Amino acid sequence: MIVDNAPTVLSVKNLTANVNDTPILKGLKLEIKAGEIHAIMGRNGSGKSTFSKILAGHPAYEVTGGEVVFEGQNLLELEAEERARSGVFLAFQYPVEIPGVSNLDFLRASYNARRKHQGLEEVDPFDFEDVVRDRLQVVQMDASFLDRSVNQGFSGGEKKRNEILQMALLEPTLAVLDETDSGLDIDALRIVAEGVNQLANEKNAMLVITHYQRLLDYIIPDYVHVMYDGKIVMTGDKELALELEAKGYDWVDELQPVGV
Amino acid sequence: MSASVSTLVNQPYKYGFVTDIESDTLPRGLSEETIYAISAKKNEPEFMLEFRLRAYRQWLKMTEPTWPDVNYPAINYQDIIYYSAPKQTQKKQSLDEVDPTLLETFEKLGIPLSEQKRLANVAVDAIFDSVSVATTFREKLAEHGVIFCSISEALKEHPELVKKYLGSVVPIADNYFAALNSAVFSDGSFVYIPKGVECPMELSTYFRINNGDSGQFERTLIVAEEGSSVSYLEGCTAPMYDSNQLHAAVVELVALDNASIKYSTVQNWYAGDANGKGGIYNFVTKRGLCKGKNSKISWTQVETGSAITWKYPSCVLVGDNSIGEFYSVALTNNCQQADTGTKMVHIGKNTRSTIVSKGISAGKSKNSYRGLVKVGPNADGARNYSQCDSMLIGSNAQANTYPYIQVQNELARVEHEATTSKIGEDQLFYLAQRGISAEDAVSMMISGFCKDVFNQLPMEFAVEADKLLSLKLEGSVG
Ligand SMILES: Nc1ncnc2c1ncn2[C@@H]1O[C@H](COP(=O)(O)OP(=O)(O)OP(=O)(O)O)[C@@H](O)[C@H]1O
Ligand SMILES: [Mg+2]
């Protein structure tokens, strides 16, 4: 929801970045205020996941220019784990499996790392069970997933639900959801979207990366951006997503200045 | 592998100090005279001297094994000191008489020996270079008929028991290092659990190498009579020297009918520096004989130290329905090399064995599992299950698995599973994105990986082992 005079959560200016010396982001601008939901759409390979990983602080991506300010502080100065503890959350397009580490232990370590950063007391395993059981309901996930190794052997959709469960636990200020809808069946899509809507409030902000208008029927974006070759080249409201769906990306191609 | 999961750096080794103490040492080198001298110093019965001489003569005819997957420059056996003992030659009856420097040394190592501070339910035999300096709780154990003392004392007080069992599981000419040990061993622990007794506390031996030029050749013998049980733990550390020290131990376990022995090791010898200079050569022969029916021998080892480890704790399952187990975590970092595993030899009927091996290799290290499962023609119904998992950290480490399976009985069932995994940058990033630091992440993954083995350790030591591994890998990722 767009709120008057809401504080800026994220401000990205002229961001350029390389992977293995190849430029991927080429001058990206984006401003997100508290309470807002933004969607980013764009062709495969246009740089959406790269952008999300740079926000999260992935070490393999080299920022070559521009600035990223999160809640008034220079995000690029912080290590990945510090960003996370400060309230930047990334729901991964491809959540990683971690054999041998129980999902419950992992969730608690993560939850406590965030709490510690906020100056709150860490929660012991018994109390944590209560906390996590409560949040399981947000994504309608079965408690049996807590005893399994992190994401190991989870189906595609189960992994995505586990991501949203983590988001529900960590209550981030900025949540970036990278194609959280892909791999979800119709019911799961609705459940996950409802979960996200429950978590959205006037203090936090969401950046939803998706290829499909379908998700945006549930999570109504305040802004829709189109990413093209490492930049945001178009911004509109939710109607833009519908227009894209109807016209395809060739339409965006045609609108690009020649020779860029 | 990406730049961020880089070569691991060891936490400075915190047991690397040297104790300044006057010692009684034999000149370098090995000959029959050396053997006579060791035996004389220890005032041994005649049979022991003969045992040693037979072993020495065998050893002269043998050659150092070359099949392990490890590399090291030739060892000059004439340059080693074979006996080195702190000056207070006689072992003292009371701990109050033990040289305070020695008590302090063990206290610094986290093994307080004095009456007031000793571990509540663990009896400790403390071995410094070649000799045992103190054994705690001897009287309390004696009330239950349990004998726990140094092997030198056992030779004086219970020669018939030592004579009966020494060399009965690991014959003197078993292998090159066992023969050497049989010739020159200076001390070690002796445990005897009488019929029907469940040992009332954990027994443990703590080995400390102090002298930079001496080898350590200890000998441990544990006998569990019918229906008895015991849990035993050994720990080891050594100072940091630029040179390599040889540690060639022999451990023999004997379990009679319905007896069980659980033998755990947390090995943290000095591993050498990051460039592979210095460290202990740990060439050890450990074998358990399940002699009686329904007997059980279980080895659990956490191997984190030593420049080179060459070690295969084994079980010979002679008694019908006997059980052998081997649970191992071997961690190598920097330039360490480990070639370790087990042998399970099924001879009796319905014998069962379980092997769970977890190898973790970081830095430029090399970690090999080598295991033999052998089922003899009469071992009807024998079963073995082996699981060998390797985990690589970084891209310069190596892991190998060499399982040997020899089955001569059609009714036996042998299963082997193996996996290799890698702590990858993607996993570390995923955990970092959830606020978990790289060090905590590695430690969580390692604990998870080693869980099945740590669960086998006595409680106090499981926590210790977990911490030890994290410490060893500290600063490893970034
Ligand atoms: N580690 C890497 N090494 C080499 N190229 C990379 C790497 N990561 C990303 N790229 C390249 O950067 C470009 C942008 O990739 P990115 O994953 O950000 O695209 P995306 O917009 O998320 O695409 P999709 O919609 O398919 O998820 C692609 O051409 C991709 O191949
Ligand atoms: Mg993507």
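How each quantity is defined
- Residues numbered from 1 in each chain as written.
- Chains lettered and ligands numbered in written order.
- Predicted model: local features only at pLDDT ≥ 70, side-chain atom pairs only at ≥ 80, totals over all residues.
- Heavy atoms only, no water.
- Helix = DSSP H or I, 4+ residues; strand = E, 2+ residues; numbered from the N terminus.
- Rg over C-alpha atoms; globule rule 2.2 N^0.38 Å.
- Buried < 20%, exposed > 50% of the residue type's maximum accessible area, 1.4 Å probe, protein only.
- Contact = heavy atoms within 4.5 Å.
- Near = heavy atom within 4 Å.
- Polar contact = N/O pair within 3.5 Å; in protein donor to acceptor, adjacent residues only side chain to side chain.
- Areas by Shrake-Rupley, 256 points an atom, 1.4 Å probe, with all protein chains shown as cover.
- Nonpolar A, V, L, I, M, F, W, Y, C, P; charged D, E, K, R; others polar.
- Donors = N, O, S within 2.8 Å, 3.2 Å for Na, K, Ca; no water.
- Salt bridge = Lys/Arg side-chain N within 4 Å of Asp/Glu carboxyl O.
- Buried area = accessible area lost by both parts, 1.4 Å probe.

Chemist: Can you lay out the overall build of chain A for me, pointing to particular residues and giving the numbers?
Modeler: Summing up its helical and strand segments, chain A has 9 helices and 12 strands in all. The C-alpha atoms of chain A give 18 Å as radius of gyration, which agrees with the globular expectation for 260 residues (18 Å, within 12%). The principal-axis extents of the C-alpha atoms in chain A amount to approximately 60 × 40 × 40 Å. For chain A, the proportion of its 260 residues judged to be buried stands at 54%. Pairs at least 24 apart in sequence give 70% of the contacts found in chain A among residues at least 6 apart.

Chemist: Could you give me a rundown of the site of ligand 1, with the residues and numbers involved?
Modeler: All names here are of chain A. Neighbouring ligand 1 are 15 residues; G45, K48, S49, T50 and H211 lie closest to it. Within the contact set of ligand 1, an oxygen atom lies 2.9 Å away from a side-chain nitrogen or oxygen of N44. The backbone of G47 places a nitrogen or oxygen atom 3.0 Å from an oxygen atom of ligand 1. Considering ligand 1 on its own, with 630 Å² of exposed area, one finds that the protein chains cover 62% of that surface. The greatest single-element share of the shell around ligand 1, amounting to 3 residues, is contributed by helix α1 (residues 48–56). Split into classes, the residues belonging to the shell around ligand 1 amount to 3 nonpolar, 9 polar and 3 charged.

Chemist: So what's going on with the coordination of the magnesium ion (ligand 2)? Residues and values would help.
Modeler: The protein atoms that coordinate the magnesium ion (ligand 2) are S49 of chain A (OG) and Q93 of chain A (OE1), at distances spanning 2.0 to 2.3 Å. Within this pair, whereas S49 of chain A is found in helix α1, its partner Q93 of chain A is found in the loop between β6 (88–91) and β7 (98–102), the two being separated by 44 residues in sequence.

Chemist: Tell me about helix α7 (residues 176–184) of chain B, and please be specific about residues and values.
Modeler: All names here are of chain B. The element α7 is extensively covered by neighbouring structure, given that 9 of its 9 residues are classed as buried. Every buried residue of α7 is listed here: Y176, F177, A178, A179, L180, N181, S182, A183 and V184. Capping of α7 at its N-terminal end is provided by N175; its side-chain oxygen lies 2.9 Å from the backbone amide nitrogen of F177.

Chemist: Tell me what's going on with unusual backbone geometry, and back it up with residues and numbers.
Modeler: All names here are of chain A. Residues other than glycine seldom take positive phi values, yet N14 does so here, at roughly 45°. Along the chain, the position of N14 falls in strand β1 (residues 8–19). Within the chain, Q140 stands out as a residue other than glycine whose phi angle is a positive 50°. Here Q140 lies in the loop between α4 (125–136) and β8 (149–150).

Chemist: Give a detailed account of the pattern of salt bridges, specifying residues and quantitative values.
Modeler: Within this structure, the stated rule accounts for 27 salt bridges over all chains. Across the salt bridge formed by K286 of chain B and E234 of chain B, the nearest N and O atoms sit 2.3 Å from each other. Of this pair, K286 of chain B sits in strand β13 (residues 279–290) while E234 of chain B sits in strand β9 (residues 229–237), and the two are 52 residues apart along the sequence. Residue K286 of chain B is classed as buried on the basis of its relative accessible area, which comes to 4%. For E234 of chain B, a relative accessible area of 3% puts it in the buried group. Two residues, R370 of chain B and D339 of chain B, come together in a salt bridge whose shortest N-O distance is 2.8 Å. With R370 of chain B in strand β20 (residues 366–375) and D339 of chain B in strand β18 (residues 337–346), this residue pair connects regions lying 31 residues apart in the sequence. Neither residue differs from the other here; R370 of chain B and D339 of chain B are each classed as buried. Residues joined in a network through salt bridges with shared partners are R43, D250 and D253 of chain A.

Chemist: Before we move on, can you summarise the interface of chain A and chain B with the specific residues and values?
Modeler: At the interface, 32 residues of chain A touch 18 residues of chain B. Summed over both sides, the interface of chain A with chain B buries roughly 1900 Å², with 67% coming from carbon and sulfur. In this assembly, chain A and chain B are joined by 1 salt bridge. Its salt-bridge partner being R434 of chain B, residue E163 of chain A comes within 2.6 Å of it at the nearest N-O pair. On the surface where chain A and chain B come into contact, there are 11 residue pairs in polar contact (both at pLDDT 80 or more). Contributions of two or more residues to the side of chain A that touches chain B are made by α1, α2 (80–86), β6, β7, α3 (103–117) and α5 (156–170) of chain A. Of the residues in the side of chain A that touches chain B, the class split is 20 nonpolar, 6 polar and 6 charged.

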